[in-house]
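One letter stands for each residue in the lines below.
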Amino acid sequence: MSNSEQKRVQSVKLPPDKVMHKLVSLAKRRGFIFQSSEIYEGLSSCFDYGPLGSELKKNIKDLWWKSMTRRHQNIVGIDASIMMNPRVWEASGHVSSFNDPMIDDKTTKRRYRADHIIENHIEKLRRDGKDQDALRVQGRYEAAGGAKDSNRALYELIIAEGIKAQDTGSGDWTEVRQFNLMFQCNMGAVADTASIVYLRPETAQGIFVNFHNVRESSRMRVPFGIAQIGKAFRNEIVKGNFIFRMVEFEQMEMQYFVKPGTQAEAFEAWREERFNWYTESLGISREKLHWYKHDKLAHYADLAYDIKFEFPFGIEEIEGIHSRTDFDLKQHQEFSGKNMEYIDQLTNERYIPYVVETSAGCDRLFLALLADAYTEDSVDGEERVVLRLSPKVAPVKAAVLPLMKKGGMGEAALKLRDELSTDFLIQYDDAGSIGKRYRRQDEIGTPFCITVDHQSLEENTVTVRYRDSALQERIEISRVKEFLAAKLV
Ligand code: ATP
């Protein structure tokens, strides 16, 4: 690209606090995301994916599925039921301990997670350069987690440190109470305690309970993995930030079963692979991704890292990578009375496998992709909004635009659209000036605009305009399909 061509596109710097507002509005206007049941004023933290959103989401899920089940010969997929025997959730520990500590501010009537209030306070101390204070509070926080009455210990810590809510500055706190995040419903005609079932709060347990079914039916040998994409439900105390924290969301999880003692090696390999997937397969900016090591581990884990993304509202988790030991299979062995051991056919060794899990949220990733891609710039002095999505995830792969509808150009463009549509999602647009049509496509992240002009009819060629650089090249009509296919691998 020459310098003069580069200068056509001038970037505009956007303050991060403006980006969310613009994203939410673009998502609705162009059919990515709508508020659920909007005509009835919606439902808190529930959203619907529109025509373009459902395509983009499907692309994310397809890329993830391929990265697991095609790239690895020893990973197979399942699609387990959302409702399961309630004993599953007793065994997994969710009935007794899938709780978050909740605290209310009596003055502002706002509800918070007590752990978040303290963690934000520690972060603020660090930002203000008060490292000693941060360390002291961190120490007390960790001790509170292990205390006999941890609710009381968290409350006392908040009061002793004079911690206030960062959004309101108020600190008129109630006691801390535990709140179970699982949604309960009743199965059958009679609503009594015997009929309680739960909407699954994670997809992982559907994999654990099918360990032997999958292993036997697919003749899998340890180490092997089981992948699953599916809905999960959590009655979150604090919702919000658009689709970042929802009550109904989709997880993409893979449980990798290994021989005890080899989990650290498997963990490292998955850590590297998962991080690279975000940059290499999805095109997310590397500098916006961060590692976070858990010091405070969940009861089932011996090592845990999160991949975090720099959202416009802060750096937050998009995927957890956990070494879950043999906790889950052991628990299911105890609660179901079924043997969960694996017998190595070659060595005759028997053991309950250890598990390394990669657990990503599809909706959070969707938001990360939009936030990373959203750009405002100007082309030859004309301002535009452009989603710089990687062609692999972009919902519409190309737009076919006749320069004019008349003179055979409209027919030729429709013919090309039909030919390409067998393989790609293509839009045809003949309304308005060509510049306006480019802008419409830029805004939804369409990587290529293919224009059919007078020359096309004479020479069987079209121009391809690249979204990011606004550069154009002329190629033969017969090569367009091959051109697009090459850009999407
Ligand atoms: P958080 O601390 O943000 O509540 P978590 O640590 O509870 O998340 P996990 O249980 O590890 O999350 O779930 C794995 C992934 O599922 C998360 O990295 C996230 O992408 C996604 N996820 C979890 N809860 C939600 C939610 N309420 N809405 C959307 N995605 C979620």
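Our structure's up above, just so we're on the same page.
Keep in mind that what you see is a predicted model, and the values were worked out from it rather than measured.

Colleague: Teacher, can you tell me more about the pattern of salt bridges here?
Modeller: For the structure shown, the criterion picks out 49 salt bridges. A salt bridge links Asp 172 to Lys 106; the nearest nitrogen and oxygen atoms lie 4.0 Å apart. Taken together, the positions of Asp 172 in the loop between helix H8 (150–160) and strand E7 (177–180) and Lys 106 in the loop between strand E5 (99–104) and strand E6 (111–113) put the pair 66 residues apart, joining distant regions of the chain. For Lys 106, a relative accessible area of 45% translates into the label partly exposed. Of the charged contacts, one joins Asp 468 and Arg 467 as a salt bridge, the two residues approaching to 2.6 Å between their closest N and O atoms. Using a relative accessible area of 28% as the deciding quantity, one classes Asp 468 as partly exposed. Residue Arg 467 is classed as buried on the basis of its relative accessible area of 4%. Taken together, the salt bridges that share partners define one network made up of Asp 377, Glu 382, Arg 384, Arg 388, Arg 439, Asp 442, Arg 465, Arg 467 and Asp 468.

Colleague: Looking at this model, I keep getting lost on the site of the ligand. Mind explaining?
Modeller: Taken together, 16 residues are adjacent to the ligand, and Arg 234, Glu 236, Arg 245, Met 246 and Glu 317 come closest. At 3.0 Å, a side-chain N or O of Arg 234 approaches an oxygen atom of the ligand. At the level of elements, strand E11 (248–258), strand E14 (314–325) and strand E17 (354–361) are the ones that each hand at least two residues to the shell around the ligand. For the shell around the ligand, the element with the highest residue contribution is E14, accounting for five residues. For the shell around the ligand, a count of residues per class yields four nonpolar, five polar and seven charged.

Colleague: Explain the side chain of Arg 467 here, please?
Modeller: Structurally, Arg 467 can be placed in the loop between strand E23 (461–466) and strand E24 (472–476). Only 2.6 Å separates the side chain of Arg 467 from the side chain of Asp 468, close enough to count as a polar contact.

Colleague: Teacher, can you tell me more about the sheet that holds strand E18 (residues 374–379) here?
Modeller: Taken in spatial order, the three strands of this open sheet run E1-E18-E19, and their pairing is antiparallel. Every other strand in the sheet has two partners, leaving strand E1 (9–12) and strand E19 (382–387) as the edge strands with one partner each. Here the strands of the sheet are splayed against their neighbours by 35° on average, with no regard to which way each runs. Two elements, E18 and E19, share six bridges in a ladder whose sense is antiparallel. Its bridge partner lying in E19, Val 379 is registered against Glu 382. Lying on the sheet, helix H15 (residues 434–443) is in contact with E18 and E19; it crosses E19 at an angle near 35°.

Parameters at a glance
Residues numbered from 1 in each chain as written. Predicted model: local features only at pLDDT ≥ 70, side-chain atom pairs only at ≥ 80, totals over all residues. Heavy atoms only, no water. Salt bridge = Lys/Arg side-chain N within 4 Å of Asp/Glu carboxyl O. Helix = DSSP H or I, 4+ residues; strand = E, 2+ residues; numbered from the N terminus. Buried < 20%, exposed > 50% of the residue type's maximum accessible area, 1.4 Å probe, protein only. Near = heavy atom within 4 Å. Polar contact = N/O pair within 3.5 Å; in protein donor to acceptor, adjacent residues only side chain to side chain. Nonpolar A, V, L, I, M, F, W, Y, C, P; charged D, E, K, R; others polar. Pairing = 2+ DSSP bridges. Axes fitted to C-alpha atoms, helices over the stretch in contact; angles between N-to-C directions. Contact = heavy atoms within 4.5 Å.

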